[in-house]
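# Summary of the model geometry
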Amino acid sequence: MQSFLKSCTALTMALAFVGQASAQEMLKEIGKGEGALSIVAWPGYIERGETDKAYDWVSDFEKETGCKVTVKTAATSDEMVALMNEGGFDLVTASGDASLRLVAGKRVQPVNVDLIPSWKTVDERLQNAPWYTVKGVHYGVPYQWGPNVLMYNTNIFKEAPKSWNVVFEEQTLSDGKSNKGRVQAYDGPIYIADAANYLMAHKPELGIKDPYELNEDQYKAALDLLRFQRTLVGRYWHDAAIQVDDFQNEGVVASSSWPFQVNTLVAAKQPIASTIPEEGATGWSDTTMLHAEAAHPNCAYMWMEHSLKPKVQGDLAAWFGSVPVVPAACKGNELLTDEGCATNGFDNFDKIKFWKTPVSQCATQNDQCVPYYRWVSDYIGVIGGR
């Protein structure tokens with residue numbers, strides 16, 4: 001833990017030395033596939049038809065390249081960083097609160113986008129996104145993006161909740177019972193940003209401009225809100241499958257969630273829907289990143305190209321409830337349908353506060369922000385009732 005905290009503290013300093021010099025380390029040409037590929041991914045991100053035969057973007061890749069894919073799922077960004085630090089993997093589908101940590105820790109290597117023909121088809125809003133591009137060097141290729149939605153039980157909420165207050169404030173629900181013990185919150189320190197986002201709307205006097213850039217007073221207010229929320233939360237979730245079960249069988253009626261869980265529950269004909277409340281939402285834009293010591297770089301580059309095919313992007317978006325990073329995927333996909341991208345939030349890009357790693361040197365609070373290592377230790381304290 002101590003080494004992890006030190007690496008978070010040193011993030012900004014380390015990034016200052018990352019840049020054009022690293023570009024010379026990029027692969028210059030793709031050779032023959034090594035026969036294997038190991039990926040760290042979020043649940044539901046790498047499907048081979050085992051859950052539903054219609055959703056399979058692995059089998060054809062293996063047939064075409066001879067690269068046998070194995071997947072290690074991770075439930076949080078911190079788990080992804082830990083796995084990449086351990087090594088033994090080729091690729092990771094990292095969110096913005098992990099990607100720059102991986103760059104600063106030299107756990108990932110620059111990617112030569114000239115070797116990826118489909119790079120030119122990537123949404124221009126993402127081609128130079130700051131969560132994986134440092135001084136003009138790309139440390140991966142975009143994979144998918146989307147919001148952290150408010151998932152709710154439609155038997156309890158006849159209309160979509162207008163505010164995140166259903167998970168932050170105690171209230172009596174339509175069945176006459178309190179929400180206490182019936183809501184959940186995400187089990188990851190980046191969730192502090194969700195509290196900050198809520199406070200941006202309800203306590204503007206705090207002066208929060210960016211939920212990932214908090215001075216001491218703003219940070220304290222967010223922690224106080226989370227400590228109160230602790231009295232309402234029945235369980236902190238990080239495992240998508242467990243959250244699905246909690247909504248089905250354990251009486252949970254509202255929580256932050258991913259579209260993946262929403263889709264899973266709707267497919268199971270459960271009374272579930274989701275919304276983005278009036279305060280807006282945090283979100284994620286995930287990047288496929290190449291391990292600095294990848295044993296199978298050729299297969300990895302083949303996968304990055306494969307992942308950007310419109311068919312793969314559309315099928316993945318339909319399965320996960322996310323938004324493709326290739327706009328061409330939004331039309332002509334049988335699973336996603338032509339309305340799928342709009343439904344999943346393609347036009348909400350500017351409304352989402354995308355995950356990023358909090359650092360002390362921040363633009364909106366005069367370089368006086370609370371760094372991520374404190375988010376880690378303090379959120380552990382909140383969950384533990386401190």
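Residues numbered from 1 in each chain as written. Predicted model: local features only at pLDDT ≥ 70, side-chain atom pairs only at ≥ 80, totals over all residues. Heavy atoms only, no water.

Where we set the bar: UniProt positions are given in the numbering used here, feature names are shortened, and annotations may be inferred rather than shown by experiment.
As annotated in an unreviewed UniProt entry, the protein chain carries the name ABC transporter substrate-binding protein and comes from Aquamicrobium soli. What the UniProt record of the protein chain gives under Subcellular location (unreviewed entry) is the line "Periplasm".

## Re the packing of aromatic side chains
This is how it is decided: A pair of aromatic rings is counted whenever rings of Phe, Tyr or Trp (Trp by its six-membered ring) have centres within 6.5 Å, and the orientation is called stacked for planes under 30 degrees apart, edge-to-face for over 60 and tilted otherwise. Per the convention used, a helix needs a DSSP run of H or I reaching at least four residues, while a strand needs a run of E reaching at least two, with both numbered from the N terminus. Type-normalised accessible area, obtained with a 1.4 Å probe on protein chains alone, sets the label of each residue: buried when under 20%, exposed when over 50%, and partly exposed for intermediate values.
Scanning the entire structure with this criterion turns up 23 aromatic pairs. Between Tyr-55 and Trp-319, the aromatic rings sit 4.8 Å apart at their centres with planes inclined by 45°, giving tilted as the arrangement. On the criterion of sequence distance, the pair formed by Tyr-55 in the loop between β1 (36-41) and α4 (59-65) and Trp-319 in helix α13 (residues 310-320) is long-range, its members being 264 residues apart. Here Tyr-55 falls in the buried class, since its relative accessible area comes to 13%.

## Section: the state of the cysteines
Applied cut-off: Counting rule for disulfides: a pair of cysteine sulfur atoms within 2.5 Å.
For the coordinates displayed, the defined rule picks out three disulfides. One disulfide bridge connects Cys-330 with Cys-341, the sulfur atoms lying 2.0 Å from each other. Handedness of the Cys-330-Cys-341 disulfide follows from its S-S torsion of about -85°: it is left-handed. With a gap of 11 residues between them, Cys-330 in the loop between β14 (323-324) and α14 (340-344) and Cys-341 in helix α14 connect regions that are remote in the sequence. Residue classification places Cys-341 among the buried residues on the basis of a relative accessible area of 4%. Along the protein chain, the cysteines that take part in disulfide bonds pair up as 1-2, 3-4, 5-6, counted in sequence order.

## Some remarks on empty space enclosed by the protein
What counts is decided by this rule: In the cavity and pocket records, a cavity denotes points on a 1 Å grid over the protein atoms alone where a 1.4 Å probe fits but cannot get out, a pocket denotes an open set with protein on both sides within 12 Å along at least 5 of 7 lines, and lining residues are residues with an atom within 4 Å of a point. Grid points are joined across faces, edges and corners, and a volume is the space filled by probe spheres set on the points. Amino acids outside the nonpolar list (Ala, Val, Leu, Ile, Met, Phe, Trp, Tyr, Cys, Pro) and the charged list (Asp, Glu, Lys, Arg) are all regarded as polar, and Gly is one of them.
For the coordinates displayed, the defined rule picks out four cavities of 30 Å³ or more. When its volume is computed, the largest cavity comes out at roughly 60 Å³. Of the residues that constitute the lining of the largest cavity, the class distribution is five nonpolar, four polar and one charged.

## Comments concerning the environment of Thr-288
Cut-off, in case you're wondering: Contacts are assigned to residue pairs that have any heavy atoms within 4.5 Å of one another.
Its place among the elements puts Thr-288 in strand β13 (residues 281-291). On the accessibility criterion, Thr-288 (2% relative accessible area) is buried. Considering only alpha carbons, one finds Thr-288 and Pro-358, 70 residues apart in sequence, at a separation of 21 Å. When sequence neighbours within four positions are dropped, the list of residues in contact with Thr-288 reads Leu-91, Val-92, Thr-93, Tyr-139, Gly-140, Val-141, Tyr-143, Trp-303 and Met-304.

## Details of the packing of helix α8 (residues 192-202) against helix α9 (residues 216-229)
Let me state the cut-off plainly: Only the stretch in contact is used when a helix axis is fitted, and all axes are lines through C-alpha atoms; the angle between N-to-C directions ranges over 0 to 180 degrees. An angle below 35 degrees is read as roughly parallel, one above 145 as roughly antiparallel, one from 65 to 115 as roughly perpendicular, and any other as oblique.
Taken N-terminus to C-terminus, the directions of α8 and α9 make an angle of 105°; their axes are 9 Å apart at the nearest point. By the angle between their axes, α8 is roughly perpendicular relative to α9. Across the interface between the two elements, Ile-192, Ala-195, Ala-196, Tyr-198 and Leu-199 of α8 pack against Tyr-219, Ala-221, Ala-222, Leu-223, Leu-225 and Leu-226 of α9. A class-by-class count of the residues in the contact of α8 with α9 yields 11 nonpolar, no polar and no charged.

## Concerning the sheet that holds strand β12 (residues 272-275)
Spelled out, the test is: Strands are treated as partners if at least two bridges between them are detected by DSSP.
Spatially, five strands are ordered β10-β9-β11-β8-β12 in an open sheet, and the strand pairing comes out mixed. Both outer strands of the open sheet, β10 (233-237) and β12, are each paired with one neighbouring strand and no more. Each neighbouring strand pair of the sheet contributes to a mean axis angle of 30°, computed without reference to strand direction. This element, helix α10 (residues 240-249), spans β8 (149-153), β9 (183-186), β10, β11 (254-257) and β12 of the sheet and lies at about 160° to β11.

## Let's talk about the pairing of strand β3 (residues 91-94)
The two faces of β3 match: Leu-91 and Thr-93 on one face and Val-92 and Ala-94 on the other face are all buried. In the sheet, β1 pairs with β3 via two bridges, with the strands oriented parallel. Bridge pairing in β3 links Ile-39 to Leu-91. Inspection of the sheet shows β3 paired to β13 by four bridges, in the antiparallel sense. The partner of Leu-91 across the bridge, within β13, is Leu-290.

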